Amino acid sequence: MQKMAELLGLGDECGEGTPEAPALAGSCLADNRLNLDVYPDGCRWFLQLFERRRGEVVQVEFLRLSSNDHLLGTTLGILPHLKHLKSLVLKGGHARDEFGSCQHGSLTSLPPDIGNLRCLTHLDLSFNSLSTLPSCILHLPSLCVLLVSHNNLVALPKNFGSLSKLTFFSAMKNQLKDLPQSIGDLAVLQNLDLSENALEFLPEEVGNLHNCTELELSGNRLSSIPDSLANLKSLRQLHLHSNLLVTVPASLASLPNLSRLDLQNNCLRAVPPEIQTSPFVHLRGNPLGETEPSPQADESSAGELRRLFLASGEDSFTVTSEGCKVVLACGIRFYFPPGAASDPLQIYFRTLAPDPQWVKLRHHDVLLSRVLELQPHGVEFQQVQIWMPYASPQTLHQREVVVRTFSGQNWSDLSTRVKQKRKSKKHMAHCSVLHFSWFLVVSRLVQNECKVPTEGTLLFSSVDPNIKVTFPPGVTEETRNVKLQVLPISAEEIEEITADAGCRASPLLCLSQDSLVDFLRPVRIQLPLPPGVTGLNLDQSRLHLLHGDLEGKTWDDITSQVVLEFTHLYAVFEVTHFSWYWLWYTTKTYIGGIAKKVYERLRMYQVNFIALQRKKDPEQVLLQCVPKHKVDPVLKRLQDRYQGPEPSDMVEMFEGEQFFAAFERGISIDMDRPDCVDGRLSFIFYSHLKNMKEIYVTSPVDRKGQAVKGQVSFYRGAVPDSIPEDASRRRKGPDSLWLATLPIKLPRLKPRWGENRGRPNGFSFPPLNLGNAETGYLTQTNLLSIARRVGADWQTIGLNLGLTYQQIERIGYNNREDLDKQILDMLFSWAQQNSEDPDCVSKLITAMKESGRQDIADEVETIIELGQQKYRESIRRVGLEQESSTEDSAIAMM
């Protein structure tokens, strides 16, 4: 005892220097309970109590200590003296590191004499550093409850089944790879939690746990489960989600007391009908009905079905009852199984630029693809499969990718699998559809959902398992669907936005349900305390529980309206209706306004604008809106062909927000462009799609004598209702919608062909009209305008138009040292050869795209669209019928 006193710093003056510690520890000694895990020096106080009041301490029946305590080793040697001990808790996790993560305790073993505690029925060793289960535990004859979750266990002892009185065992969050056969000897075991381990198979003996009511096996590597599980007649809940299961025994459906079978997020392709139709079975996240599970399966079935590879100009294909596989030029793939269509059916497709007027993204959604439209709409099929390529969301963590489809009234998300192709490295989203409409790929917050029966259930977040929602029995009269999403928020983000290092917030919890009726009984919600806050240092006056509406526009402090309970790590409260909940820790008073500001800023992206001119042709301008972290790679990729000013200052934009580019100070563009609104180019910002346009600019100013120093300015389409106030204040200029301005310089011109509609010497072509009246003509004037834009790319364009190398070389030689004549000779030579071809205009557009000149392709398409519009208007104006001659139609159009 003298040595212990020296260790504790106690001499003759013991207690004189720090009398409060023994007194406070003594006050915790009541009703044979000693709870010292809430104090940083709990083990020190325990040793002092044992030194001073040993007779009382050895009578303790319930003891709680923190295994994060540096005096734990000394304390363990005393525990075997507590012969009356019934419950012993030696948990870690009471301390957190600088990043807010729980620190595991230092416990790696137990003294052998612990096995002599014959009265011990409850032992909790969670959040420690155990790699093996201490052997002394197997000698505890009365042990009923054993918790060893959040350790480093890789195996259980072979004679683990000797704990004959064990009713509850939790080894969640370890590294267990297999189980001993003796586990089947736990005859009275009722609850077994082995979730989040590395189990690859289960022994048949698990089927001997006849009294087991809840079996938790989620988050392992199980590819199958033994048929013996059908012997667990007392089983009420079986959790198998997030494994690798490819099949399950049909006999599980016959378990008489089973109220929940969770098979979500596995690899199930076929489920016995008895299970699939059971109301208590959850199958979301499985590739049910898929017939192309892998590249190997794709290859093996290649000879069975017809394959169609469509070129870029095609827009339809035919599906017969034999089925087929279809690959589009853009990378989209389809699989129509045999019998998908009873009669031959013509399928039409096209990809569309997303329009925010009807592509409605939810908060924190990120668009990853263009819109795919398939026609005829509404035609039903039998499990047609679609693979859609999408932009990899490398900067988006703790999210999931889904295919979203439009039913004609609203958008809904399909069960989606994602994979990366080995050769091309493309990311593909794979789903099954029953009818055709519109499809796109989005990244959303991870969504966990479940059905809530009358008996109640438990829902937790797969992003943060510490977030749990408990539904008690009687919570609802009818089964309803509940969804849970979590938005993680780092302390650094909160500090950056609020400029207050003292502000902290928990993850944002978003809850929703498919019923408008409140729950009949309170639902219990558990949220982790904000980073750096624990039950030890919690100041409840600084803690605020906020309730947000479904748009995040208002945040109300409801702290005084609920009863908040606290543990060392969590806050717990009860509600009867669902919305958004956010836990804040701050000294600020108007916390609702701060939360609104933070929430809105979290939805915004920091971007820069780029305006570059092609080196060989300064009239060709590239405009792009680039997220801040992508600016340097984009500029590096463009620097060989383009030049221009530095990117704009950083501004903030929402996903799906509209903005405009206006050319000013002597620079203009073609006002007839379809994307031109009131003289400004329209853009839609999507963080993972290319917000880029390449256009030709002109100047009404005479450039023969001097260059034109103009500019391009970027403006918001409208001020969003929820844009942060401080972001509005940061905008400059007289226009409140102004975002940025970059200079554009057009050099002085030397005399060129085409001015005043003149032609270079030696060139005389008869009038040309490429195309036809209904689809629109390209005239000689149009070709001259196009020729001015071609520049040094004329040889590549000529080859893609079908001219031979010999023709290109001859044109270059005949017009050497005169680029304008080379371009004209190439373009009009091709036009003369193809003037009778009705598809020559579409070939010209394709050649421009293949040559990297999307700007000219857009120009040609614009001319054609205007021609078609004029033709239709002329038909309506003069009242001509469809049988009117083509010549008359052409005259009317012209």
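This one's a predicted model, so the numbers in the text were calculated from it and none came from an experiment. (Residues numbered from 1 in each chain as written. Predicted model: local features only at pLDDT ≥ 70, side-chain atom pairs only at ≥ 80, totals over all residues. Heavy atoms only, no water.)

Overview of the overall build of the protein
Then step 1. Each helix and strand counted, the protein has 18 helices and 48 strands in total.
Then step 2. Sorting the 894 residues of the protein into buried and exposed places 51% on the buried side.
Then step 3. A sequence separation of at least 24 residues applies to 60% of the contacts in the protein between residues at least 6 apart. (Helix = DSSP H or I, 4+ residues; strand = E, 2+ residues; numbered from the N terminus. Buried < 20%, exposed > 50% of the residue type's maximum accessible area, 1.4 Å probe, protein only. Contact = heavy atoms within 4.5 Å.)

What to know about the side chain of Ser-369
Then step 1. Tracing the sequence through the fold places Ser-369 in the loop between β17 (366-367) and β18 (371-375).
Then step 2. Owing to a relative accessible area of 5%, Ser-369 belongs among the buried residues under this scheme.
Then step 3. At 2.9 Å, the side chain of Ser-369 and the backbone nitrogen of Val-441 are in polar contact. (Polar contact = N/O pair within 3.5 Å; in protein donor to acceptor, adjacent residues only side chain to side chain.)

Some words on the pattern of salt bridges
Then step 1. The tally for this structure, following the rule as stated, stands at 20 salt bridges.
Then step 2. For the salt bridge of Arg-444 with Glu-400, the shortest nitrogen-to-oxygen distance reads 2.8 Å. In this pair, Arg-444 sits in strand β24 (residues 438-445) while Glu-400 sits in strand β20 (residues 399-406), placing the two residues 44 residues apart along the sequence.
Then step 3. Classification of Arg-444 by relative accessible area gives buried; the value is 2%.
Then step 4. A residue is classified by how much of its surface remains accessible, and Glu-400, at 22% relative accessible area, is partly exposed.
Then step 5. Between Glu-652 and Arg-601 there is a salt bridge whose closest N-O contact spans 3.2 Å. Residue Glu-652 is found in strand β40 (residues 651-654), and its partner Arg-601 is found in helix α9 (residues 591-602); the two are separated by 51 residues along the sequence.
Then step 6. Since its relative accessible area comes to 16%, Arg-601 is described here as buried. (Salt bridge = Lys/Arg side-chain N within 4 Å of Asp/Glu carboxyl O.)

Some details on the environment of His-94
Then step 1. With respect to the helices and strands, His-94 occurs in the loop between β3 (87-91) and β4 (122-124).
Then step 2. For the pair His-94 and Ser-66, spaced 28 residues apart in sequence, the C-alpha separation works out to 6.9 Å.
Then step 3. In this structure His-94 touches Asp-37, Ser-66, Asn-68, Thr-534, Leu-536 and His-568, once residues within four positions along its chain are discounted.

Things to note about the confidence of the model for the protein
Then step 1. When pLDDT is averaged across the protein, the result is 80; 83% of the residues are at 70 or more.
Then step 2. Low pLDDT, under 50, characterises residues 290-303; the stretch is placed with 24 contacts to residues that sit more than four places away or in other chains.
Then step 3. Segment residues 752-762: pLDDT under 50, and 14 contacts once partners within four positions in sequence are set aside and those in other chains are kept. (pLDDT = per-residue confidence, 0-100.)

Examining the packing of aromatic side chains
Then step 1. One pass over the full model with this rule turns up 22 aromatic pairs.
Then step 2. Measuring from ring centre to ring centre gives 5.7 Å for Phe-471 and Phe-519, while their planes differ by 55 degrees; the resulting arrangement is tilted. Of this pair, Phe-471 sits in strand β27 (residues 468-471) while Phe-519 sits in the loop between β30 (508-513) and β31 (523-528), placing them 48 residues apart in sequence.
Then step 3. Owing to a relative accessible area of 4%, Phe-519 belongs among the buried residues under this scheme.
Then step 4. Ring-pair connections join several aromatic residues into one group, and the members of that group are Phe-317, Phe-334, Phe-336, Phe-349 and Phe-436.
Then step 5. Taking NZ or CZ as reference, Arg-33 lies 4.0 Å from the ring centre of Phe-62, over its face.
Then step 6. The positively charged end of Arg-480 is found above the aromatic ring belonging to Phe-519, 4.5 Å away from the centroid. (Phe/Tyr/Trp six-rings, centres within 6.5 Å; stacked < 30°, edge-to-face > 60°. Lys NZ or Arg CZ within 6 Å of the ring centre and 35° of its normal.)

A closer look at the nonpolar core
Then step 1. Of all hydrophobic cores here, the largest spans 79 residues; its most connected members are Phe-46, Ile-137 and Phe-169.
Then step 2. Secondary-structure elements contributing two or more residues to this core are α3 (42-52), β2 (62-66), α5 (72-76) and β3.
Then step 3. Counting residues per element, this core draws most heavily on α3, at six residues.
Then step 4. Those residues in contact with Phe-46 that sit more than four places away from it in its chain are Leu-34, Leu-36, Val-57, Leu-63, Leu-65, Thr-75, Ile-78, Leu-79 and Leu-82.
Then step 5. Judged by nonpolar contacts, the second largest core, of 32 residues, contains Phe-336, Phe-381, Val-401 and Leu-414. (Core = buried A, V, L, I, M, F, W, Y, C linked by side-chain atoms within 4.5 Å.)

Some remarks on a negative patch on the surface
Then step 1. Taken together, Glu-492, Glu-493, Glu-495 and Glu-496 make up a surface patch of like negative charges.
Then step 2. Tracing the chain through its elements places Glu-492 in helix α8 (residues 491-498). (Patch = residues over 30% accessible without salt bridge, like charges linked within 9 Å, V, L, I, M, F, W, Y side chains within 5 Å. Areas by Shrake-Rupley, 256 points an atom, 1.4 Å probe, with all protein chains shown as cover. Lys, Arg positive; Asp, Glu negative; His and termini not counted. Charge placed at Lys NZ, Arg CZ, Asp CG, Glu CD.)

Describing the pairing of β3
Then step 1. For β3, a buried count of four out of five residues is recorded, marking the element as mostly surrounded by other parts of the structure.
Then step 2. Pairing of β3 with β4 involves three bridges; the strand directions are parallel. Within β4, the position partnered with Val-89 by the bridge is Asp-124. (Pairing = 2+ DSSP bridges.)

Here we look at the sheet that holds strand β42 (residues 676-677)
Then step 1. Reading across from one edge, β42-β43-β41-β45-β46 is the order of the five strands in this open sheet, with antiparallel pairing throughout. Where the open sheet ends on each side, the last strands, each with one partner, are β42 and β46 (738-746).

Examining the sheet that holds β4
Within a sheet, adjacent strands bond to each other through the backbone by hydrogen bonds, running parallel or antiparallel.
Then step 1. Strand order in this open sheet of eleven strands is β1-β2-β3-β4-β5-β6-β7-β8-β9-β10-β11, and the pairing throughout is parallel. Looking at which strands have only one partner, the edges of the open sheet turn out to be β1 (33-35) and β11 (281-282).
Then step 2. Helix-sheet contacts for α3 involve β1 and β2, and the interaxial angle to β2 is about 135 degrees. (Axes fitted to C-alpha atoms, helices over the stretch in contact; angles between N-to-C directions.)

Concerning helix α12 (residues 780-790)
Then step 1. For α12, a buried count of eight out of eleven residues is recorded, marking the element as mostly surrounded by other parts of the structure.
Then step 2. The set of residues buried in α12 consists of Gln-780, Asn-782, Leu-783, Leu-784, Ile-786, Ala-787, Arg-789 and Val-790.
Then step 3. Just beyond α12, the residue with positive phi is Gly-791, at close to 65 degrees.

Observations regarding the environment of Gly-852
Then step 1. Relative to the assigned elements, Gly-852 resides in the loop between α16 (840-850) and α17 (854-878).
Then step 2. Each C-alpha atom, one on Gly-852 and one on Thr-796, is 9.3 Å from the other, the two residues being 56 residues apart in sequence.

Description of unusual backbone geometry
Then step 1. Cis geometry marks the peptide bond from Gln-375 to Pro-376; its omega dihedral reads 5 degrees.
Then step 2. Tracing the backbone shows Pro-376 in the loop between β18 and β19 (380-390).
Then step 3. Even without being a glycine, Lys-173 presents a positive backbone phi close to 60 degrees.
Then step 4. Inspection of the secondary structure puts Lys-173 in the loop between β6 (168-170) and β7 (191-193).

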